[in-house]
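Letter by letter, the chains look like this.
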Amino acid sequence: MSIWVICEGQEGGYRASTLELLSQARRLVGGAGGQVVAVAVGDEAAAAQALRGAAHRVVAVQGPNLSPYAADPWVGAVAGVLSAGAPRLVLFAEGTRTRELLPRLAVRLGASALTNALGLEADGEAFLLTRPAFGGKAYATVRSGDRLCLAAFRPNSFDAGAEPVAETQFETHQASPDPSRVEVLEKRPRASARVPLTEAQRVVAGGRGLRAPENLKILEELADVLGGAVGVSRAIVDAGWADHAIQVGKSGKTISPALYVVAGVSGAVHHTMGMDTAKVVVAVNADPKAPIFQYADYGIVGDALQVLPALTAELRAVKREA
Ligand SMILES: Cc1cc2nc3c(=O)[nH]c(=O)nc-3n(C[C@H](O)[C@H](O)[C@H](O)COP(=O)(O)OP(=O)(O)OC[C@H]3O[C@@H](n4cnc5c(N)ncnc54)[C@H](O)[C@@H]3O)c2cc1C
């Protein structure tokens, strides 16, 4: 049994979600004598030494047109390395890049594709993958068949603490993909001291109930005390109060934090589809009948503009005393 992971680079290392996938893969192949293979592409392979212990093999895919990331050459190069290695299961972390790559690879390789997954277990030589269905009202467990299966997992689905492997072998795969049809003229990384929304363990999100753009700062203040990220509903993005990059939901980011504090959000299914696997949800809403309370472990009926600052002040006091 071998499990391959397509690694995603971030700030000279790799996304936390990549490390989580490698960890779960090690857990599953551990007793079965299988291999975990990490694939790093282009200049993202420069940090490959950071994957020592994370996989049995680290394959650096090298060749023209691979840096910076562009979908066309990456599809060609990754399809090439997967065809050569013939794995049964390949894991991706959910995200913008995966949404672009995974379906195209699936078509190119005739593979089955599964997105938005949360759980992965071995079942003999096959795999059982769990994902939400019907907008999070149910969970479906899918068994991988005989074909290659490409699966994307929500960040924070697994812990990254599985035993490292004793030995990691480093290899290079030479690819000669076609140039991209898109030319990258400039990259402007968003400057933020906060953890990225998709990787954050704690997220504070707000919606139209916050009433005015200047009130978004109460989300930021609470997120800072919690060491987390800020998210918003689409209503706020559509109103031009916040960037789409921090929208949670069907047409935004899908997240699975340990804690989701959500204030002034009604809980429309398009929003909850992006957060319904958060481990603990604290909802603040002025309307006791708001649907968001159906997803909440803790519900506070009240004015978000009063409740959130009170929560922030209390947490600051607790931190000071600690
Ligand atoms: C194809 C499609 C995709 C979509 N994708 C997304 C998506 O990705 N993400 C997303 O969020 N939405 C998405 N939507 C929109 C979604 O259906 C809802 O319209 C949106 O989530 C509503 O945002 P909201 O809860 O902030 O606003 P509202 O629905 O207006 O809710 C505001 C809430 O705030 C409460 N409130 C008011 N004042 C206060 C106060 N002072 N204190 C506390 N609570 C207060 C109200 O009781 C209410 O529950 C999508 C819709 C479509 C059709």
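### Section: the packing of aromatic side chains
What characterises a pair of aromatic rings is the spacing of the ring centres plus the angle enclosed by the ring planes. One pass over the structure, following the stated rule, counts 2 aromatic pairs. A ring pair is formed by tyrosine 69 and tryptophan 74, whose centres lie 5.0 Å apart and whose planes are at 75°; its orientation type is edge-to-face. On the accessibility criterion, tryptophan 74 (1% relative accessible area) is buried. Taken together, a centroid distance of 5.5 Å and an interplanar angle of 55° make the contact between phenylalanine 153 and phenylalanine 158 tilted. For the pair phenylalanine 153 and phenylalanine 158, a shared accessibility class is recorded, and that class is buried. When the ring centre of tyrosine 69 is taken as origin, the NZ or CZ atom of arginine 97, which lies over that ring, is 4.5 Å away.

### Topic: empty space enclosed by the protein
Tallied over the full model, the rule gives 1 cavity of 30 Å³ or more. Estimates place the volume of the largest cavity at around 50 Å³. Lining the largest cavity are Ile6, Cys7, Glu8, Trp74, Phe92, Ala93, Arg97, Thr98 and Leu101. Those elements that place two or more of their residues in the lining of the largest cavity are strand S6 (89-93) and helix H3 (96-109). Considering every element that reaches the lining of the largest cavity, the biggest residue donor is H3, with 3 residues. Taken together, the residues of the lining of the largest cavity sort by class into 6 nonpolar, 1 polar and 2 charged.

### What about the site of the ligand?
Residues in contact with the ligand amount to 25 residues; listed here are only the nearest, Ser233, Gln247, Ser251, Ser266 and Asn285. Contact distances for the ligand include 2.8 Å between a nitrogen atom and a backbone N or O atom of valine 248. Taking serine 251, its side chain carries an N or O atom lying 2.7 Å from a nitrogen atom of the ligand. Comparing atom positions with the cavity grids shows the ligand to sit within the second largest pocket. Across the shell around the ligand, the residue classes tally to 6 nonpolar, 13 polar and 6 charged.

### What to know about the pattern of salt bridges
In the structure shown here, the tally under the stated rule is 14 salt bridges. The residue aspartate 72 makes a salt bridge to arginine 104 at a minimum N-O spacing of 2.6 Å. Of the two residues, aspartate 72 sits in helix H2 (residues 71-85) while arginine 104 sits in helix H3, which places them 32 residues apart along the sequence. Classification of arginine 104 by relative accessible area gives partly exposed; the value is 31%. The closest approach of N and O atoms between aspartate 123 and arginine 143, which form a salt bridge, is 2.8 Å. Of this pair, aspartate 123 sits in strand S8 (residues 119-123) while arginine 143 is found in strand S10 (residues 138-143), placing the two residues 20 residues apart along the sequence. When salt bridges that share partners are traced, they join Glu8, Arg15 and Glu199 into one network.

### Quick look at the sheet that holds S10
Within the open sheet, the 3 strands sit side by side as S8-S9-S10. Their pairing is antiparallel. Of all the strands in the sheet, just S8 and S10 have a single pairing partner and so form its edges. Across the sheet, the mean angle from the axis of one strand to that of its neighbour is 25°, orientation sign disregarded. Two strands pair when backbone bridges link them, and strand S9 (residues 126-133) and S10 are joined in this way by 6 bridges, in the antiparallel orientation. Within S10, the position partnered with threonine 130 by the bridge is threonine 141.

### Here we look at the environment of glycine 207
Tracing the backbone through its elements, the reader meets glycine 207 in the loop between strand S13 (202-206) and helix H4 (217-226). On the basis of relative accessibility, which here comes to 0%, the residue glycine 207 falls in the buried class. When the C-alpha positions of glycine 207 and alanine 60 are compared, they lie 43 Å apart, and in sequence the two are 147 residues distant. Not counting residues up to four positions away in its chain, the partners in contact with glycine 207 are Ser233, Ile236, Ala263, Gly264 and Val265.

### Focus: H3
With 14 residues, H3 extends 21 Å from end C-alpha to end C-alpha; this agrees with the ideal 20 Å at 1.5 Å per step. Where H3 is concerned, the buried positions are Arg97, Thr98, Leu101, Leu102, Leu105 and Ala106. One side of H3 carries all its buried residues, which in axial view fall inside an arc of 130°. Seen from the buried face of H3, the exposed residues on the opposite side, beyond 90 degrees, are Thr96 and Val107. Taken together, the buried residues of H3 touch H2, S6, strand S7 (112-117) and strand S11 (149-153). Remark: glycine 110 follows H3 within two positions and exhibits a positive phi of approximately 65°.

Thresholds applied
- Residues numbered from 1 in each chain as written.
- Predicted model: local features only at pLDDT ≥ 70, side-chain atom pairs only at ≥ 80, totals over all residues.
- Heavy atoms only, no water.
- Phe/Tyr/Trp six-rings, centres within 6.5 Å; stacked < 30°, edge-to-face > 60°.
- Buried < 20%, exposed > 50% of the residue type's maximum accessible area, 1.4 Å probe, protein only.
- Lys NZ or Arg CZ within 6 Å of the ring centre and 35° of its normal.
- 1 Å grid on protein atoms, 1.4 Å probe; cavity = no way out; pocket = protein on both sides within 12 Å on 5 of 7 lines; lining within 4 Å.
- Points joined across faces, edges and corners; volume = space filled by probe spheres on them.
- Helix = DSSP H or I, 4+ residues; strand = E, 2+ residues; numbered from the N terminus.
- Nonpolar A, V, L, I, M, F, W, Y, C, P; charged D, E, K, R; others polar.
- Near = heavy atom within 4 Å.
- Polar contact = N/O pair within 3.5 Å; in protein donor to acceptor, adjacent residues only side chain to side chain.
- Sits in = over half its atoms within 2 Å of the grid points.
- Salt bridge = Lys/Arg side-chain N within 4 Å of Asp/Glu carboxyl O.
- Pairing = 2+ DSSP bridges.
- Axes fitted to C-alpha atoms, helices over the stretch in contact; angles between N-to-C directions.
- Contact = heavy atoms within 4.5 Å.
- Expected span 1.5 Å × (residues − 1).
- Arc of directions from axis to C-beta.

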